[in-house]
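Summary of structural features
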Amino acid sequence: MCNLYSLNKGQDAIRRAFGITHDRTGNLPPLPGIFPDQMAPVVRQRGDGRELSMMRWGFPPPPKVGTQPVTNVRNVASPYWRPWLKPEYRCLVPVSAFSEYANTKPKKTPVWFALSDERPLFTFAGIWRPWTGIRGPKRDEPVEEEHQLYSFLTTEANSVVGPVHPKAMPVLLTTEDEWRTWLEAPTEEALKLQRPLPDEMMKVVARGARRDEG
């Protein structure tokens, strides 16, 4: 389960890569370590253009399934996820690298994966939803607020990720055709993208740190 990724590219590069027509992120700094419940940028289709905006990572858990945010989606047939797989709730999550933890002793080791050492931009296949509740920074007097939350799809691990995390890997989208399909296509067609990236298209780029500064 991917619970750590990075976005190290500048704001202009992100806007150009994804054809952003509306940027609502403000001043976006590099994000070398993005963890669950933090804010990060996502891309949504808005009319004829694409919007870049900030959302919080992690859906609310299903009833009676703990309290932690749900960061990854595997079972897209579940009634819990189906309403958010419509085109209007799909999004792209911009990424330069993602991490899985190798089961080493005495503590687990972060291993970073990217398309190449240069960390070109790609995306996770994401979904988002509005939600009212208590999330984010701890406060002395927490109050319910309206949030926009995102999560992203996973699939079976390929042979690059599998030796570190055999159970699953995120769904990686790397081309404009895939980005357009995920944002705009009917659900059945879009879900054909839920497959592991071919081994030759990615590599291990770093080990040991919880931030990817590459």
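In the annotation of an unreviewed UniProt entry, the protein is listed under the name Abasic site processing protein and assigned to Methylorubrum rhodesianum. Annotation of the protein in UniProt includes, under Sequence similarities (unreviewed entry), the sentence "Belongs to the SOS response-associated peptidase family."

When helices and strands are tallied, the protein shows 3 helices and 14 strands. Its C-alpha atoms give the protein a radius of gyration of 17 Å, within 12% of the compact-globule value 17 Å for 214 residues. With the principal axes as the frame, the protein shows a C-alpha extent of 40 × 40 × 40 Å. Residue burial in the protein is summarised as follows: out of 214 residues, 50% are buried.

Now for the environment of Gly162. Its location among the elements puts Gly162 in the loop between strand S11 (145–155) and strand S12 (169–170). Judged by relative accessible area, Gly162 falls into the buried class, the value being 18%. Through-space distance from the C-alpha of Gly162 to that of Val143 is 41 Å; in sequence the pair is 19 residues apart.

Strand pairing in a sheet takes place through backbone hydrogen bonds and is either antiparallel or parallel in direction. Across the sheet, 5 strands lie side by side as S3-S1-S8-S9-S14; this open sheet has antiparallel pairing. With one partner strand each, in any of the chains shown, strand S3 (31–34) and strand S14 (203–207) form the two edges of the open sheet. Ignoring which end each strand starts from, the neighbouring axes of this sheet average 30° apart. Looking at chain direction, strand S1 (residues 5–7) and strand S8 (residues 97–102) are connected through 2 bridges and run antiparallel. Paired with Tyr5 across the bridge in S8 is Phe98.

What follows covers the packing of aromatic side chains. As enumerated under the stated definition, the model contains 15 aromatic pairs in all. Ring geometry for Trp57 and Tyr150: centres 6.3 Å apart, planes at 10°, overall stacked. Taken together, the residues span a long stretch of sequence, with Trp57 in strand S5 (residues 49–57) and Tyr150 in strand S11 at a distance of 93 residues. Between Arg44 and the ring centre of Trp128, over which it is positioned, the NZ or CZ distance is 4.5 Å. Positioned above the aromatic ring of Trp182, the side-chain terminus of Arg90 is 5.4 Å from the ring centre.

We now examine the pattern of salt bridges. Tallying each qualifying case throughout the model produces 13 salt bridges. Put simply, Glu156 and Arg74 hold a salt bridge, and the shortest N to O gap is 3.9 Å. One end of the pair, Glu156, is in the loop between S11 and S12; the other, Arg74, is in the loop between strand S6 (72–73) and strand S7 (90–95), with 82 residues separating them in the sequence. When the shortest N-O distance is used, the salt bridge between Arg119 and Asp212 registers 2.8 Å. Here the residue Arg119 occupies a position in the loop between strand S9 (109–114) and strand S10 (122–133), and Asp212 occupies one in the segment after S14, the gap between them amounting to 93 residues. The class of Arg119 is buried, set by a relative accessible area of 6%. What makes Asp212 buried here is its relative accessible area of 2%.

Moving on, we get to the pairing of S9. Of all the 6 residues making up S9, 5 are buried; the element is thus mostly covered by neighbouring parts of the structure. Here S8 folds back onto S9, and the loop between the two strands holds 6 residues. For S9 and S14, the ladder comprises 4 bridges, and the chain directions are antiparallel. Bridged to Ala114 within S14 is Lys203.

Turning to the pairing of S10, a few remarks are in order. Most of S10 sits inside the fold, with 9 of its 12 residues counted as buried. Of the strand pairs in this sheet, S7 and S10 are connected by 6 bridges, and their pairing is antiparallel. When the sheet's bridge partners are listed, Cys91 is paired in S10 with Gly126. For S10 and strand S13 (residues 172–173), the ladder comprises 2 bridges, and the chain directions are antiparallel.

Conventions adopted
Residues numbered from 1 in each chain as written. Predicted model: local features only at pLDDT ≥ 70, side-chain atom pairs only at ≥ 80, totals over all residues. Heavy atoms only, no water. UniProt positions renumbered as here; feature names shortened; annotations may be inferred. Helix = DSSP H or I, 4+ residues; strand = E, 2+ residues; numbered from the N terminus. Rg over C-alpha atoms; globule rule 2.2 N^0.38 Å. Buried < 20%, exposed > 50% of the residue type's maximum accessible area, 1.4 Å probe, protein only. Pairing = 2+ DSSP bridges. Axes fitted to C-alpha atoms, helices over the stretch in contact; angles between N-to-C directions. Phe/Tyr/Trp six-rings, centres within 6.5 Å; stacked < 30°, edge-to-face > 60°. Lys NZ or Arg CZ within 6 Å of the ring centre and 35° of its normal. Salt bridge = Lys/Arg side-chain N within 4 Å of Asp/Glu carboxyl O.

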